[in-house]
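Observations on chain architecture
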Amino acid sequence: MTDTLTAPPRKPFTRPPTAVLPKSRHVRRLVRDALVALLVVIEVAPLLWLLLSSFKTQSEFVNDPAWSLPKSWGLHNYTEAWTTGHVALYIRNSLMATVPSLALIILFGVAAGFALEVMVWRGRHRVLLAFLLGIMVPSQMILLPLFRIYFQTGLSGTLAPLIVTYTAAGLPLTVFMMATYFRSIPREVFEAATLDGASILRAFWKIAFPMVRNAVFTVGLVQFFFIWNDLLISLTFTTDDDLRTIQVGLLNFTGQYGETAYGPLFAAISINVIGALVLYLLINQRIIKGLTAGAVKG
């Protein structure tokens, strides 16, 4: 009796599961790229339309479609906005109101956050709660009492009401953010500084302030755009045309009977938007470099 050798049954060919992964990854990458491209178009299209509209004449705004290209690329709208529209004066007033307010917000906000979170004293939690309550107060409720106070104290007709109001309005959020950031710093750092003989002021300026520089840039960025883009507060307290900020000054491009000079208006808006956008990009890169350098490196 002889044994016969039989070949084992051949299994059907099945594609390995790993072959499906590259295709699914490719699909996910395409979907991600499509979403990113859509977001870029949504962000860039209004800016591009604004920039193109700043070169159009008044007749082109009235007769041509909104998305039509300008027929000439002259800078007459920018020249008229800068000189006749007094955009240079409005930008100067905005800087004179923004820079001191921002400096006071950062100085007092960082100092208050340090005192409320690092220093130990009785009642600090109630004080922090009082700052948090300031975030809940709408600015529209205090404009009329503040206008009366500024008028009675003789501050009307200057930029001082804007600086005081911006500083008071920006402090609650700044103090809350700085206190939260100080809370994440190890207490052993300040204890070691105290053992080495450092005073409170020296510990604040030499140790605490450099360690929270990332939060300072973040708070400064948020508060800068809040102050720069404000219209309600500056419109309420600037009674003189020579003290108007850039946001209030844009209202001057509307004539007495409602006629709007669209060309100079779009040119003035382009100057405002592009300048703020460039500043944002510069500060944003500074924040990213500070975050990658480390929060406790000082």
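Residues numbered from 1 in each chain as written. Predicted model: local features only at pLDDT ≥ 70, side-chain atom pairs only at ≥ 80, totals over all residues. Heavy atoms only, no water.

To continue, consider the pattern of salt bridges. Applying the stated criterion across every chain yields a total of five salt bridges. For Lys 71, the salt bridge goes to Asp 64, with nearest N and O atoms at 4.0 Å. On the accessibility criterion, Lys 71 (67% relative accessible area) is exposed. Residue class for Asp 64 comes out partly exposed when judged on its relative accessible area of 24%. For Asp 241, the salt bridge identified is with Arg 244, shortest N-O distance 3.3 Å. A relative accessible area of 45% places Asp 241 in the partly exposed class. (Salt bridge = Lys/Arg side-chain N within 4 Å of Asp/Glu carboxyl O. Buried < 20%, exposed > 50% of the residue type's maximum accessible area, 1.4 Å probe, protein only.)

In this structure, Val 87, Val 110, Phe 114, Met 178, Phe 182, Val 212 and Phe 253 are the most contacted members of the largest nonpolar core, which totals 30 residues. Counting only elements with at least two residues in this core, the list comes to α3 (76–83), α4 (87–117), α7 (160–183), α9 (200–211), α10 (213–228) and α13 (262–293). Of all the elements, α4 adds the most residues to this core, at seven residues. If you look at the next biggest cluster of nonpolar residues, it comprises twelve residues, including Leu 143, Leu 159, Ile 233 and Leu 243. (Core = buried A, V, L, I, M, F, W, Y, C linked by side-chain atoms within 4.5 Å. Helix = DSSP H or I, 4+ residues; strand = E, 2+ residues; numbered from the N terminus.)

With that settled, the discussion passes to the packing of aromatic side chains. Throughout the structure, instances matching the rule amount to 16 aromatic pairs. Here the aromatic rings of Phe 204 and Trp 205 are separated by 5.1 Å at their centres, their planes lie at 75°, and the arrangement is edge-to-face. Owing to a relative accessible area of 7%, Phe 204 belongs among the buried residues under this scheme. Ring geometry for Phe 224 and Trp 228: centres 5.7 Å apart, planes at 20°, overall stacked. Taken together, the positions of Phe 224 and Trp 228, both in helix α10 and four residues apart, correspond to about one turn of that helix. Overall, the relative accessible area of 10% leaves Phe 224 in the buried class. (Phe/Tyr/Trp six-rings, centres within 6.5 Å; stacked < 30°, edge-to-face > 60°.)

In this section: the environment of Tyr 78. Looking at where Tyr 78 falls in the secondary structure, it is placed in helix α3. For Tyr 78, a relative accessible area of 17% gives the class buried. Separated by 193 residues in sequence, Tyr 78 and Ile 271 place their C-alpha atoms 8.4 Å apart. Beyond its immediate sequence surroundings of up to four residues, Tyr 78 is in contact with Leu 51, Ser 54, Phe 55, Ala 267, Ser 270 and Ile 271. (Contact = heavy atoms within 4.5 Å.)

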